[in-house]
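Architecture at a glance
Chain by chain, the residues run as shown.
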Amino acid sequence: MATAGKVIRCKAAVAWEPNKPLVMEEIEVAPPQANEVRIKIVATGVCHTDLYHLFEGMHKDGFPVVLGHEGAGIVESVGTGVTEFQPGDKVIPLFISQCRECRFCKSPKTNQCVKGWLTCKGKKLLQFLGTSTFSEYTVLNQIAVAKIDPAAPLDKVCLLGCGVCTGFGAAVNTAKVEAGSTCAVFGLGAVGLAAVMGCKAAGAQRIIAVDINPEKFEKAKVFGATEFVNPKDHSRPISQVLAEMTDGGVDFSLECVGNVGVMRSALESCVKGWGVSVLVGWTDLQDFAARPIQLIAGRTWKGTLFGGFKGKDGVPEMVKAYLDKKVKLDEFITHNMTLDQVNDAVKLMKNGQWCLKYFMLSSIFYLRVYGIYLK
């Protein structure tokens, strides 16, 4: 391509400081160095983790930054030593690398591989989670890029860069939901809905969707939920409500909110003896706690990152599952908005209205939300 080997100037949404609106800027993206790939981002999602960094974590050393980590695009150029990719390949950036060489990559027990490129106005910008997909172009190490089917629609499969894989994999890979079991999913944003879909794919008989926003229940039914509980409708703890509904507790629970209180409720909702509860929602602001008897009685409490998927292997498989109509993606979108409304969309997400999904097409940007599209 004509831009190969040159600095590219392009649009990006820059977070200059914590707790402030994103600013559309022209940034400079350097050419890929050895073992790096420069990608033209075509589609990207707004995940709650982006908002967590901007409004909750707010580490001063984490700014200025180009957020975004749930994207899809096309390889523009590659650096020396890159043999897996070539210009024109459709790819999904990975916020969890897969080098295939370290002891973690070689282990089937984890996906956590152990193995700076942007400037604006003369100041170096940080890459959020090593990806920064809120930019028209970004540069990543080749171990953090997954090559996908050229037939895949990038404006849909971008959702597999984080939220959908995280929720679906939490059920299938981490909880290992069993056929005929009873599950409870706490929180019905994109991750929670994907967890519901994962429970259904695993053959769960009952899937109880738990959320304080009743408007989300109909959407959860589309993904496989069989029952719905709003904690606000009950004076008793939700764990007691679920225990009565399920003769002692659910077999599997998945917390998809990122709230330590909900994490405890999800654990306490599990049946003693064999119940498994998975922490899926992201947070690092508070300690979490439970009474020891909850675990002594035989429950298991575990966490998941990116749904346990090894990115280079798992993401292409999920893309294929979507193309084979075994995984839903289109159903996560319900509204359209323009990129100029991105900060309004962020406000909607902060207020718990929706789980946002955002994408860009060529030089036209779209903010996709479950459900709002910016276009």
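Residues numbered from 1 in each chain as written. Predicted model: local features only at pLDDT ≥ 70, side-chain atom pairs only at ≥ 80, totals over all residues. Heavy atoms only, no water.

1. Remarks on the pattern of salt bridges
Under the defined criterion, the tally for this structure stands at ten salt bridges. Its salt-bridge partner being Arg236, residue Glu244 comes within 2.6 Å of it at the nearest N-O pair. For Glu244, a relative accessible area of 58% translates into the label exposed. Salt-bridge contacts for Lys320 lead to Asp324; the nearest nitrogen and oxygen are separated by 2.7 Å. A residue is classified by how much of its surface remains accessible, and Asp324, at 36% relative accessible area, is partly exposed. (Salt bridge = Lys/Arg side-chain N within 4 Å of Asp/Glu carboxyl O. Buried < 20%, exposed > 50% of the residue type's maximum accessible area, 1.4 Å probe, protein only.)

2. Comments concerning the nonpolar core
In terms of nonpolar packing, the biggest core is built from 59 residues, with Val157, Leu160, Val164, Cys199, Leu254, Val315 and Phe332 touching the most fellow members. For this core, the leading source of residues is helix α5 (residues 190–201), giving eight residues. There are two domains that each give this core at least three residues, and those are domain 1 (8–161 + 334–360) and domain 2 (167–304). Setting aside residues no more than four positions away along its own chain, Leu160 makes contact with Ile92, Cys165, Phe306, Val315, Met318, Val319 and Leu329. Counting residues in hydrophobic clusters, the runner-up holds 24 residues, among them Cys10, Ala12, Val29 and Phe63. (Core = buried A, V, L, I, M, F, W, Y, C linked by side-chain atoms within 4.5 Å. Helix = DSSP H or I, 4+ residues; strand = E, 2+ residues; numbered from the N terminus. Domains from an automatic or database assignment. Contact = heavy atoms within 4.5 Å.)

3. Some thoughts on the sheet that holds strand β11 (residues 182–186)
Sheet architecture is open: six strands sit in the order β13-β12-β11-β14-β15-β16, paired in parallel fashion. Since the sheet does not close on itself, it has two edges, and those belong to β13 (227–229) and β16 (300–303), each with one partner. The average angle at which neighbouring strand axes cross in this sheet is 20°, direction not considered. Here four bridges tie β11 to strand β14 (residues 252–255), and the two strands are oriented parallel to one another. Of the residues in β14, the one forming a bridge with Phe186 is Glu255. Most of the contacts of α5 go to β11, to which it runs at about 170°, and overall it touches β11, β12 (206–210) and β14. (Pairing = 2+ DSSP bridges. Axes fitted to C-alpha atoms, helices over the stretch in contact; angles between N-to-C directions.)

4. Looking at the packing of helix α4 (residues 163–175) against α5
Packing of α4 against α5 leaves a shortest axis separation of 7 Å and a crossing angle of 40°. It follows that α4 is oblique to α5 by the angle criterion. Here the hand of the crossing between α4 and α5 comes out right-handed. Each of Gly163, Val164, Thr166, Gly167, Phe168, Ala171 and Val172 in α4 lies in contact with α5, whose residues at this interface are Val191, Ala194, Ala195, Met197, Gly198, Cys199 and Ala201. The residue inventory of the contact of α4 with α5, partitioned by class, reads ten nonpolar, four polar and no charged. (Parallel < 35°, antiparallel > 145°, perpendicular 65-115°, else oblique. Left-handed = near helix turned anticlockwise from the far one by under 90°. Nonpolar A, V, L, I, M, F, W, Y, C, P; charged D, E, K, R; others polar.)

5. Notes on the packing of aromatic side chains
The full count for this structure, using the stated rule, is five aromatic pairs. Summarising the aromatic geometry, the rings of Phe223 and Phe332 are spaced 4.6 Å apart at their centres and angled 50° between planes, so their arrangement reads as tilted. Of this pair, Phe223 sits in helix α6 (residues 217–223) while Phe332 sits in the loop between α10 (311–323) and β17 (336–337), placing them 109 residues apart in sequence. Overall, Phe332 belongs to the buried group, its relative accessible area being 0%. The structure contains a cluster of three or more aromatic residues connected by ring pairs, namely Phe95, Phe306 and Phe309. (Phe/Tyr/Trp six-rings, centres within 6.5 Å; stacked < 30°, edge-to-face > 60°.)

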